[in-house]
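# Residue-level structure breakdown
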Amino acid sequence: MVSVVADGECRWRIEPAGAMRVPGVVFATAGLLPDAPGDQALQQVADVATLPGIVEASYAMPDVHWGYGFPIGGVAATDPAQGGVISPGGVGFDISCGVRLHTSTVTRADAAPHVGRLMDLLGAATPRGMGRGGVLPAVQPAELDEILLGGSAYTVERGFGDPGDLAFCEDGGAVAGADPGALSARALARGKGQVGSLGSGNHFLEVQAVDRIYDERVAGALGLRPDLLCVMIHCGSRGLGHQICSDHVRVMLSAMERYGIRVPDPQLACAPVTSPEGRRYLAAMAAAANYGRANRQLLTHAVRRCFRNAGLGEVRLLYDVSHNLAKLERHMVDGAARELCVHRKGATRAFPPGHPDLPDPIRAVGQPVLVPGSMGTASYVLVGVTDGRAFHSACHGAGRTLSRHAAVRQAPVEAVRRELAAAGVLVRGASERGLTEEAPEAYKDVDEVVHTCRRARLADPVARLVPVGVVKG
DNA sequence: ATGTAC
């Protein structure tokens with residue numbers, strides 16, 4: 001059992017031991033620490049600290065929980081110039097899973113008479129659940145390549161969105177360096193029929209209302225005001241991203257010995273960033289990231305049509321950001337700028353005010369950090385802070401406390417439906433299994449997680465959003 | 001998260 005020691009405000013430290021090259025650092029209250037008997041999340045934080053080239057520490061966000069190899073809520077940066085590695089398990093199976101948030105032009109009260117119809121339209125317009133079907137019919141190989149190279153930017157070119165949307169997408173809507181040729185035939189086959197689809201599990205499309213503003217200046221700059229109706233989309237790269245992760249874990253497992261890399265868990269399979277295996281994964285990962293962003297952009301297009309059909313006006317993109325991705329970023333380490341490979345898995349980039357990668361209209365206030373709550377609970381908008389930690393990263397959600405299996409065992413579907421109805425949340429399209437796996441009782445308290453981000457200096461809360469209606473797989 | 005095992 002790994003032990004943690006208190007190390008400041010909402011901060012815990014795992015001392016380097018054995019093969020650990022750096023300490024583990026967990027940002028949490030005592031109550032948020034994943035310390036149930038048998039839980040491996042803290043062991044995973046320690047295991048990540050053994051990776052070649054890791055810099056500063058193996059970090060965990062307040063929503064940390066047990067994942068594949070790396071914990072979900074984990075952040076780890078490696079230095080490619082010092083033998084630093086890239087690990088598919090540090091990105092996760094759902095490559096570029098992320099969140100986009102839109103504002104509308106109507107308040108909750110103005111929209112109230114039309115919300116039932118809006119939810120019916122959104123339910124009908126949102127391909128979801130396991131398997132096939134998307135906003136686009138099965139795409140031909142040439143078009144799939146365009147999506148893998150161009151992401152949201154390509155779909156906007158095709159007419160699925162406003163050119164102005166792209167400024168509010170991380171990376172302008174497309175990650176550079178994507179290579180469709182780095183994808184297996186199976187990954188391509190799984191991707192062709194799911195372009196513009198929600199998926200299942202914790203993915204959702206939610207109509208929300210602004211419930212509380214924490215910072216009026218920043219909220220104003222982002223276009224958020226009390227009672228404003230908003231739409232949040234949480235989805236990823238579907239079967240295509242999953243297949244890429246599986247493919248490259250296998251490749252790296254067999255390559256590690258050649259590079260003299262030993263890891264404490266095969267799920268931490270990795271290769272040097274500068275190696276052929278490392279570069280090929282990054283090129284495939286970028287392609288999956290673009291697929292995920294195109295996916296979310298197509299759902300935005302569907303949302304806009306639904307709002308117009310319901311007589312509820314226009315919808316503006318506030319921001320789109322991934323929380324499962326590795327990126328090459330410049331960071332200051334011990335007073336010197338270094339180019340690092342930052343893995344964020346279930347963790348959101350949180351660039352500070354003034355960062356050059358942020359678009360003009362929001363650069364002054366910092367990068368929006370979009371935090372979806374568990375089903376039926378609040379979601380949050382935060383912004384990155386100047387004194388941010390963990391290579392400018394923050395939480396990505398509430399964080400599970402119960403496995404999917406345990407969640408299904410502990411609550412009957414009727415109880416979950418009653419709870420959502422009592423909270424006044426309209427539900428469309430949710431499967432019984434989806435509802436029980438995603439019961440709020442299986443998650444940490446998102447309010448506490450967000451509050452902890454502020455106390456730990458990861459990001460500052462801007463606004464709290466509450467659910468009005470949800471479309472789920 | 002995921003054609004919940006190829």
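Structure report, in brief. (Residues numbered from 1 in each chain as written. Chains lettered and ligands numbered in written order. Predicted model: local features only at pLDDT ≥ 70, side-chain atom pairs only at ≥ 80, totals over all residues. Heavy atoms only, no water.)

### A few points about the sheet that holds strand β2 (residues 11–14)
The pairing of strands in a sheet comes from backbone hydrogen bonds and takes either a parallel or an antiparallel form. Heads up, the rule is: Note on pairing: DSSP must find at least two bridges between two strands before they are called paired. Here a helix means four or more residues in a row that DSSP labels H or I, a strand means two or more in a row labelled E, and each is numbered from the N terminus. Throughout, a contact is declared for two residues whenever any of their heavy atoms are within 4.5 Å. Fitting a line to C-alpha atoms yields each axis, with helices limited to the stretch in contact; the angle taken between N-to-C directions then spans 0 to 180 degrees.
Within the open sheet, the seven strands sit side by side as β1-β2-β3-β4-β5-β13-β12. Their pairing is mixed. Of all strands in the sheet, those with a lone pairing partner are β1 (5–6) and β12 (324–333), marking the two edges. Bridge analysis of β12 against strand β13 (residues 336–345) gives 10 bridges, and the strand direction is antiparallel. Along β13, the bridge assignment pairs Leu328 with Cys341. Packed on one face of the sheet, helix α1 (residues 41–48) meets β2, β3 (24–27), β4 (54–65) and β5 (72–78) and runs near 165 degrees to β4.

### Quick word on helix α8 (residues 276–309)
What counts here: Expected helix span is taken as 1.5 Å per residue step, with the number of steps being one fewer than the number of residues. Exposure is judged per residue with a 1.4 Å probe applied to protein chains only, and the accessible area is read against the type maximum: over 50% gives exposed, under 20% gives buried, and values in between give partly exposed.
With 34 residues, α8 should reach 50 Å at 1.5 Å per residue; the first-to-last C-alpha distance of 50 Å fits that figure. Across the 34 residues of α8, 28 count as buried, placing the element largely inside the fold. Taken from the residues just after α8, Gly311 is the one with a positive phi, measuring 70 degrees.

### Some words on the packing of helix α3 (residues 115–125) against α8
Stated precisely, the cut-off is as follows: Under this scheme an angle from 65 to 115 degrees is roughly perpendicular, one under 35 degrees roughly parallel, and one over 145 degrees roughly antiparallel; angles in between are oblique. Note: crossing handedness is left-handed where the near helix turns anticlockwise from the far helix by less than a right angle, and right-handed where it turns clockwise. Think of it as three bins: nonpolar holds Ala, Val, Leu, Ile, Met, Phe, Trp, Tyr, Cys and Pro, charged holds Asp, Glu, Lys and Arg, and polar takes everything else, Gly as well.
Following both chains from N to C, one finds α3 and α8 inclined at 150 degrees, their axes separated by 9 Å at the closest point. Overall, the two elements α3 and α8 adopt an arrangement that is roughly antiparallel. For the pair α3 and α8, the crossing hand works out as right-handed. Residues Arg117, Leu118, Leu121, Leu122 and Ala125 of α3 touch α8, and the partners they reach there are Ala302, Val303, Cys306, Phe307 and Asn309. Of the residues that constitute the contact of α3 with α8, the class distribution is eight nonpolar, one polar and one charged.

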